[in-house]
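# Commentary on secondary and tertiary structure
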Amino acid sequence: MFLNKNRLRLIKQVYFICIIFLFGIGGVSAQVVEDLSDDQIQQFIKQAQESGLTEEQLMIAAAAKGFSASDITKFKERMTRLQSDKKGGGNNGNTNVERKYNDSTSVKDKKLLKKDDDEKEVDDDSLVIKRNKYFGLNLFNNKKGSFEPNLRIPTPKNYILGTDDEITIAITGFSTQTYKSKVSPEGTIQVDILSPIYVSGLTIEQARERIINRLKSRFAGLNSNGGGLYVDITLGNIRSISVTVIGQAVQPGTFTVPSLATVFHVLNASGGPSEIGSLRNIEVLRNGKIIRVLDIYDFLLRGDLKDNILLQDQDIIHIPYVDTHITLKGEVRNPKIFEMKKGETFKDILAFAGGFSDLAYTKSISLERTTAIEKKIVTIEQNEIATFTPQKGDIYTIGKILNRFENVVTIKGSVYREGNYELEPNMTVKQLISRAEGLKQDAFKDRILIKRERQNLDPEILALDLNKILKGESEDVSLRLKDTLFIKSYKDLRERLTVSIDGAVNKAGIYEYATNMTVADLVILAGGFSDGASAAKIEIARRIKGDTLGISKEQSIKIQFLDIDRNLQLNTSDKKVTLNPFDKVYVRKLPRYEEQKTVAISGEIFYPGPYALRDKTEKISDLILKAGGTRSEADLGSAKFIRAGKIIGVDLTKVLNDRNDINNLVLNSGDILDIPRKKETVTINGQVYNPTTVPFVPNLKLKDYINLAGGATDSAFVKKTYVKYGNGKFDRTRSFIGIKVYPKIENGSEIFVPVRRKYKWTAAERIAVSSALVSITTILVTVIRLGQ
């Protein structure tokens, strides 16, 4: 990320002021610098700014403390980051600074910052969509991409040295020595005791030659090839330069970049040209003169980087207004808005767009052109594409070819190769069939159809006898454009022939009919008999067609019964009765065959668990008897009988006393009987002062239990009190001519006292009743007066 020049200068000044305060603390090391919090460093900055010391004094003080350059560098990095974070949203367009906030930021501030970031992201997305319409601008839309210079490459031979460049001189051989020297503001470097060597403005190769010549006076071994000393001169740390972007950039301004930066690096930092900026005429100015003009299309289309030169300090990149924009729409590979140069034709623009798509209509192109007064439509013929000259604002639309064929006939149906075929001159029906590899054996040749379009595009059907055509008895018919020949098969002209089987077979269903199929064959196809199937009296239901002998007028189907071999062995008797299409076969089960049906019993009995029903007459009392009877602690009154997931209230006491009692239900498969242990409690809920559970006392009545719960509240509706018994039955309080009959309380009962809900009239009802009363009063007064 490149820093704005002014901000870099400010950070540098504050950094030097802070050094003395940071390293003036006894025992502070580089490791401690890393462990310092942001708040501590901010405090150092504040104290340093108040000191008034110069940069030179601060550097001397830091060196006197014995701190290395790496210590100072690490502190400088922390300083730079904190200063950048503090500036936050203060970006004036010259740099890209990431907005951050630390953990001490309030929740409210974080939400506001997040909202701003979200809105900025939406705006950025809209800008990207808009810029994507222009060819080449998406090169600068990728935020994850980077054109930052690679600082690890060998130094280019044409690199120009300048102030703050670091030169490394390594002398090897019988004597070794390494020198690192920065180019001073005066343009010189200092090597050992030699006088300053002027290198500013020289290329690295020129500086190498000059330095070696000066070193020969200090190191005699460098004077000849066999002297035993060798020198290697390389570029170490490079300087920063300032480059200004002006004109129609997304973010024009001055940028501080490494001295190895090229035009593309700075363009990327500025966001690239705007929608009205030129991509093909970007000027690089040095000392007031244009030294290079960059056409980004050269890079986009051919990967040509010849004009992407290295920049120097104070260079200016000028992005002028675009001169000519034209738009390509429709069937091209990359429909965009393109920039034109003088002398380019429509063929060049078509090449920029990747050429026509596969379905493009190339015979002519529609052009919408703006004149001084209005718009007009121009048609460009195919032979004009190479020479046609576009103008500013042109919109070209390339259409799509028609979805039709100029020479096609179609054949469908009972031939070996259905599909579309080329309509050859004077092609006939027989020739088309031959092209389709001939007819299938099941082809229906008595009537074939040709579907044809008339001159007004209305469909027309021609019926032909293919038998006569093939025999030469009828003339072969010539085909026309877009004719469709239909040759049906015998199967196509009849309902699908099937038979079905249902009942005691493993795979009941519908099966395809076959000639000479028997019932035994169909049973085999259906997976054989299921367990319990009867091979006797198999029923065949047959549709009535022509044979109506022995059938009454009211009869709609013919029923036939048949016995077959249970083992499905092949015998001659099978062929006596063959199936017809659409026959339905029913296989019955054996009369007394039935799957086992089970019921379950649980709770306070001697042998709980599932039991099989012996017959269809077994009742609840029989199940209890099978289970060994009930235990002494069983609560018969609370027994639950469950059928199909629902509780049915039965009184087991009556069941066990009288087998013929109506509570002694006949058992069904899946029934469950649960006999719980005696609860010996009664529960009182609802509108009582103390809902509770109390011990069951046989002699107490409903009111007594309500009193044990503190009595009924003021909102209680005692008349509607009801009781739920353990077996799922309910009983409620009844009243007859003022005499109340309360439910009987049994062991395990639950008493519910409901709330009295008073009806409240709405305002509309009150008004209606009041109006009615006033009306009635008025009528009565009127009647009384008339009576007097």
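It should be noted that the structure appears before, not after, this text.
Attention in this report is confined to the structure presented alongside it. (Residues numbered from 1 in each chain as written. Predicted model: local features only at pLDDT ≥ 70, side-chain atom pairs only at ≥ 80, totals over all residues. Heavy atoms only, no water.)

### A few points about the pairing of strand β9 (residues 289-294)
Relative to β9, strand β8 (residues 282-286) runs antiparallel, the two being bridged by 5 bridges. When the bridges of β9 are listed, E283 appears paired with V293. If you look at the hairpin formed by β8 and β9, you'll find 2 residues sitting between the two strands, and N287 has a positive phi there, around 55°. (Pairing = 2+ DSSP bridges. Helix = DSSP H or I, 4+ residues; strand = E, 2+ residues; numbered from the N terminus.)

### Brief notes about helix α7 (residues 204-215)
An ideal rise of 1.5 Å per residue puts 16 Å on 12 residues; α7 measures up with 16 Å between its terminal C-alpha atoms. Along α7, the residues that are buried comprise I204, A207, I211, I212 and L215. Viewed along the axis of α7, the buried residues span an arc of 130°, placing them on a single side of the element. Packed against the buried residues of α7 are β1 (166-173), β3 (188-189), β4 (197-198) and β5 (229-235). (Expected span 1.5 Å × (residues − 1). Buried < 20%, exposed > 50% of the residue type's maximum accessible area, 1.4 Å probe, protein only. Arc of directions from axis to C-beta. Contact = heavy atoms within 4.5 Å.)

### Thoughts on a positive patch on the surface
Taken together, the side chains of K703, K719, K720, R732, K740, R756 and K758 define a basic patch exposed on the protein surface. Mapped onto the secondary structure, R756 falls in the loop between β37 (750-753) and α17 (763-787). Its relative accessible area of 39% is what places R756 among the partly exposed residues. (Patch = residues over 30% accessible without salt bridge, like charges linked within 9 Å, V, L, I, M, F, W, Y side chains within 5 Å. Areas by Shrake-Rupley, 256 points an atom, 1.4 Å probe, with all protein chains shown as cover. Salt bridge = Lys/Arg side-chain N within 4 Å of Asp/Glu carboxyl O. Lys, Arg positive; Asp, Glu negative; His and termini not counted. Charge placed at Lys NZ, Arg CZ, Asp CG, Glu CD.)

### Section: the nonpolar core
Counting 47 residues, the largest nonpolar core has L267, I317, L328, F338 and Y396 as the members making the most contacts within it. Of all the elements, helix α8 (residues 263-269) adds the most residues to this core, at 5 residues. Discounting residues that sit within four places of it in the chain, F338 has contacts with F135, Y297, T324, H325, I326, L328, I349, F352 and A353. Residues I171, V183, I233 and L260 belong to the second largest nonpolar core, which totals 25 residues. (Core = buried A, V, L, I, M, F, W, Y, C linked by side-chain atoms within 4.5 Å.)

### So, the environment of Q251
Summarising the element assignment, Q251 is placed in the loop between β6 (240-247) and β7 (253-258). The spacing of Q251 and N268 is 17 residues in sequence and 9.9 Å in space, taken between C-alpha atoms.

### Let's talk about the packing of aromatic side chains
Summed over all chains, the structure comprises 10 aromatic pairs. Both rings, one in F346 and one in Y396, keep their centres 4.7 Å apart while their planes meet at 40°; by these two values the pair is tilted. Of the two residues, F346 is situated in helix α10 (residues 346-352) and Y396 in strand β15 (residues 395-398); the sequence distance between them amounts to 50 residues. Assigned by exposure class, F346 and Y396 land together as buried. Judged by centre distance (6.1 Å) and plane angle (50°), the rings of Y722 and F730 are tilted. An aromatic cluster is defined as three or more aromatic residues linked by ring pairs; in this entry it consists of F135, Y297, F338 and F352. Against the face of F582 rests R543, its NZ or CZ located 4.1 Å from the ring centre. (Phe/Tyr/Trp six-rings, centres within 6.5 Å; stacked < 30°, edge-to-face > 60°. Lys NZ or Arg CZ within 6 Å of the ring centre and 35° of its normal.)

### A closer look at unusual backbone geometry
Of note in the backbone geometry, N426 takes a positive phi value of approximately 60° without being a glycine. With respect to the secondary-structure elements, N426 resides in the loop between β17 (419-422) and α11 (429-435).

### Considering a nonpolar patch on the surface
Taken together, the side chains of W761, V769, L773, I776 and L780 make up a nonpolar region of the molecular surface, amounting to roughly 480 Å² of accessible area. Topologically, L780 is positioned in helix α17.

### Comments concerning the sheet that holds strand β27 (residues 609-612)
Read across the open sheet, the 5 strands follow the order β27-β26-β30-β28-β29; overall the sheet is mixed. Two strands bound the open sheet, and with one partner strand each, they are β27 and β29 (646-648). On average, adjacent strands in this sheet sit at an angle of 25° to one another, irrespective of strand direction. Relative to β27, strand β26 (residues 598-603) runs antiparallel, the two sharing 4 bridges. The partner of A600 across the bridge, within β27, is P610. (Axes fitted to C-alpha atoms, helices over the stretch in contact; angles between N-to-C directions.)

### Side note on the sheet that holds β17
Reading across the sheet, the 5 strands line up as β17-β16-β20-β18-β19 and stay open at both edges, with mixed pairing between neighbours. The two strands at the open ends of the sheet, each matched to only one other strand, are β17 and β19 (459-464). The mean inter-strand angle of the sheet, taken between neighbouring strand axes irrespective of direction, is 25°.

### Description of the environment of G532
Note that G532 resides in the loop between α13 (519-525) and β23 (538-543). As for G532 and E594, which are separated by 62 residues in sequence, their C-alpha atoms are 7.9 Å apart. Ignoring any residue separated from it by four or fewer positions in sequence, one finds G532 in contact with R566, R588, K589, L590 and Y593.

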